[in-house]
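Each chain is listed here by its residues.
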Amino acid sequence: MPKKRYHKKPAQQLTIAKKRIEFLFKLAKEHFKEDSRLSDKYVKQARRIAMKYKIKLPFFLKKRFCKHCHKYLAPGVNCRVRIHKHRVIYYCFGCKHYMRHPVK
Ligand SMILES: [Zn+2]
(Lines give C-alpha, C1' and ligand atoms only; values in the text may rest on other atoms or scores of the structure.)
Protein backbone atom coordinates (compact mmCIF):
# COMPACT_ATOMS: atom_id res chain seq x y z
CA MET A 1 0.00 0.00 0.00
CA PRO A 2 1.37 3.42 -0.86
CA LYS A 3 2.09 5.63 2.06
CA LYS A 4 -0.55 8.24 2.54
CA ARG A 5 0.77 11.61 1.58
CA TYR A 6 -0.04 14.68 3.56
CA HIS A 7 0.06 17.97 1.88
CA LYS A 8 1.01 21.05 3.72
CA LYS A 9 -1.73 23.54 4.18
CA PRO A 10 -1.39 26.87 2.35
CA ALA A 11 1.12 29.24 3.92
CA GLN A 12 -1.54 31.83 4.58
CA GLN A 13 -3.57 29.37 6.64
CA LEU A 14 -0.47 28.38 8.56
CA THR A 15 0.33 31.93 9.56
CA ILE A 16 -3.25 32.45 10.73
CA ALA A 17 -3.09 29.22 12.73
CA LYS A 18 0.17 30.30 14.35
CA LYS A 19 -1.33 33.61 15.29
CA ARG A 20 -4.35 31.86 16.78
CA ILE A 21 -2.11 29.61 18.85
CA GLU A 22 -0.15 32.54 20.24
CA PHE A 23 -3.37 34.39 20.96
CA LEU A 24 -4.81 31.38 22.80
CA PHE A 25 -1.70 31.13 24.98
CA LYS A 26 -1.98 34.83 25.71
CA LEU A 27 -5.59 34.33 26.80
CA ALA A 28 -4.57 31.35 28.90
CA LYS A 29 -2.02 33.49 30.70
CA GLU A 30 -4.49 36.30 31.32
CA HIS A 31 -7.22 34.04 32.64
CA PHE A 32 -5.06 31.79 34.76
CA LYS A 33 -5.47 33.84 37.93
CA GLU A 34 -9.24 33.86 37.70
CA ASP A 35 -9.93 30.40 36.37
CA SER A 36 -7.18 27.90 35.68
CA ARG A 37 -9.63 25.49 34.05
CA LEU A 38 -10.27 28.10 31.39
CA SER A 39 -6.53 28.31 30.72
CA ASP A 40 -6.38 24.54 30.32
CA LYS A 41 -9.18 24.81 27.79
CA TYR A 42 -7.27 27.41 25.79
CA VAL A 43 -4.17 25.21 25.82
CA LYS A 44 -6.23 22.28 24.61
CA GLN A 45 -7.60 24.37 21.77
CA ALA A 46 -4.15 25.66 20.84
CA ARG A 47 -2.81 22.11 20.75
CA ARG A 48 -5.64 21.01 18.51
CA ILE A 49 -4.90 23.79 16.05
CA ALA A 50 -1.19 22.93 16.13
CA MET A 51 -1.95 19.28 15.44
CA LYS A 52 -4.41 20.03 12.68
CA TYR A 53 -1.97 22.25 10.82
CA LYS A 54 1.06 20.20 11.95
CA ILE A 55 2.72 23.23 13.43
CA LYS A 56 5.67 22.60 15.67
CA LEU A 57 5.11 24.60 18.80
CA PRO A 58 8.01 26.95 19.52
CA PHE A 59 10.08 26.32 22.62
CA PHE A 60 8.68 29.25 24.56
CA LEU A 61 5.16 27.87 24.15
CA LYS A 62 6.09 24.24 24.80
CA LYS A 63 7.22 25.00 28.32
CA ARG A 64 3.99 26.79 29.07
CA PHE A 65 1.92 23.63 29.39
CA CYS A 66 2.41 20.13 30.75
CA LYS A 67 3.07 17.59 28.05
CA HIS A 68 1.46 14.84 30.12
CA CYS A 69 -1.81 16.36 31.28
CA HIS A 70 -1.80 19.42 28.97
CA LYS A 71 -2.50 21.82 31.79
CA TYR A 72 -1.34 25.38 31.61
CA LEU A 73 1.73 25.79 33.78
CA ALA A 74 2.43 28.90 35.80
CA PRO A 75 5.85 28.64 37.47
CA GLY A 76 5.51 28.85 41.22
CA VAL A 77 1.77 28.27 41.15
CA ASN A 78 1.16 24.83 39.70
CA CYS A 79 4.63 23.86 38.60
CA ARG A 80 8.15 23.88 39.95
CA VAL A 81 11.12 24.92 37.84
CA ARG A 82 14.58 23.69 38.69
CA ILE A 83 17.87 23.45 36.87
CA HIS A 84 19.66 20.14 37.08
CA LYS A 85 22.52 18.76 35.03
CA HIS A 86 22.23 21.44 32.34
CA ARG A 87 18.53 20.88 31.97
CA VAL A 88 15.53 22.90 32.98
CA ILE A 89 13.16 20.62 34.80
CA TYR A 90 9.48 21.37 35.15
CA TYR A 91 7.54 19.45 37.72
CA CYS A 92 3.78 19.52 37.20
CA PHE A 93 1.76 19.55 40.42
CA GLY A 94 -1.31 18.36 38.56
CA CYS A 95 -0.08 14.99 37.30
CA LYS A 96 3.22 14.76 39.23
CA HIS A 97 5.26 14.28 36.10
CA TYR A 98 8.52 15.87 35.04
CA MET A 99 9.40 17.64 31.82
CA ARG A 100 13.00 18.18 30.90
CA HIS A 101 14.31 20.78 28.51
CA PRO A 102 17.96 21.12 27.59
CA VAL A 103 19.59 24.48 28.19
CA LYS A 104 21.17 25.84 25.09
ZN1 LIG B 1 0.87 17.57 34.21
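Residues numbered from 1 in each chain as written. Predicted model: local features only at pLDDT ≥ 70, side-chain atom pairs only at ≥ 80, totals over all residues. Heavy atoms only, no water.

Enquirer: Outline the sheet that holds strand S3 (residues 98–102), listing residues and values.
Expert: Pairing is antiparallel in the open sheet, where three strands are placed in the order S1-S2-S3. What marks the edges here is a single partner per strand, and that holds for strand S1 (79–84) and S3. For this sheet, the mean angle separating the axes of adjacent strands, direction not counted, is 20°. Two strands pair when backbone bridges link them, and strand S2 (residues 87–92) and S3 are joined in this way by five bridges, in the antiparallel orientation. Bridging from a neighbouring strand, isoleucine 89 pairs with arginine 100 of S3. (Pairing = 2+ DSSP bridges. Helix = DSSP H or I, 4+ residues; strand = E, 2+ residues; numbered from the N terminus. Axes fitted to C-alpha atoms, helices over the stretch in contact; angles between N-to-C directions.)

Enquirer: Break down the environment of histidine 97 for me, citing the residues and quoting the values.
Expert: One can find histidine 97 in the loop between S2 and S3. Residue classification places histidine 97 among the partly exposed positions, given a relative accessible area of 39%. For histidine 97, the residues in contact, after removing those within four places along its chain, are His68, Tyr90, Tyr91 and Cys92. Here cysteine 95 takes part through its backbone oxygen, which lies 3.1 Å from a polar atom of the side chain of histidine 97. (Buried < 20%, exposed > 50% of the residue type's maximum accessible area, 1.4 Å probe, protein only. Contact = heavy atoms within 4.5 Å. Polar contact = N/O pair within 3.5 Å; in protein donor to acceptor, adjacent residues only side chain to side chain.)

Enquirer: Describe the side chain of aspartate 40, with residues and values.
Expert: Within the secondary structure, aspartate 40 is located in helix H2 (residues 36–52). It is lysine 71 that comes nearest to the buried, bridge-free aspartate 40 among opposite-charge side chains, at 5.0 Å. Apart from residues no more than four positions distant in its own chain, aspartate 40 is found in contact with His70, Lys71 and Tyr72. (Lys, Arg positive; Asp, Glu negative; His and termini not counted. Salt bridge = Lys/Arg side-chain N within 4 Å of Asp/Glu carboxyl O.)

Enquirer: Quick one: what's the story with a positive patch on the surface, residue by residue and with numbers?
Expert: On the surface, Lys9, Arg20, Lys41, Lys44, Arg48, Lys52 and Lys54 cluster together into a positively charged patch. No other element matches the four residues that H2 contributes to the positive patch. Assessed through its relative accessible area of 46%, arginine 20 is described here as partly exposed. (Patch = residues over 30% accessible without salt bridge, like charges linked within 9 Å, V, L, I, M, F, W, Y side chains within 5 Å. Areas by Shrake-Rupley, 256 points an atom, 1.4 Å probe, with all protein chains shown as cover. Charge placed at Lys NZ, Arg CZ, Asp CG, Glu CD.)

Enquirer: Could you give an account of the packing of helix H1 (residues 11–31) against H2, naming the residues involved and the relevant values?
Expert: Two elements in contact, H1 and H2, have axes separated by 8 Å at closest approach and are oriented at 170°. Here H1 lies roughly antiparallel to H2, going by the angle between them. Residue-level contacts link Ala17, Arg20, Ile21, Leu24, Phe25, Leu27, Ala28 and His31 of H1 to Ser36, Leu38, Ser39, Tyr42, Val43, Gln45, Ala46, Ile49 and Ala50 of H2. Looking at the contact of H1 with H2, its residues break down into twelve nonpolar, four polar and one charged. (Parallel < 35°, antiparallel > 145°, perpendicular 65-115°, else oblique. Nonpolar A, V, L, I, M, F, W, Y, C, P; charged D, E, K, R; others polar.)

Enquirer: Lay out the pattern of salt bridges in plain terms, naming residues and giving numbers.
Expert: On inspection of all chains with the given rule, the structure shows one salt bridge. In this structure, arginine 37 and aspartate 35 form a salt bridge, with 3.8 Å as the shortest nitrogen-oxygen distance. Looking at arginine 37, the relative accessible area reads 65%, which means it is exposed.

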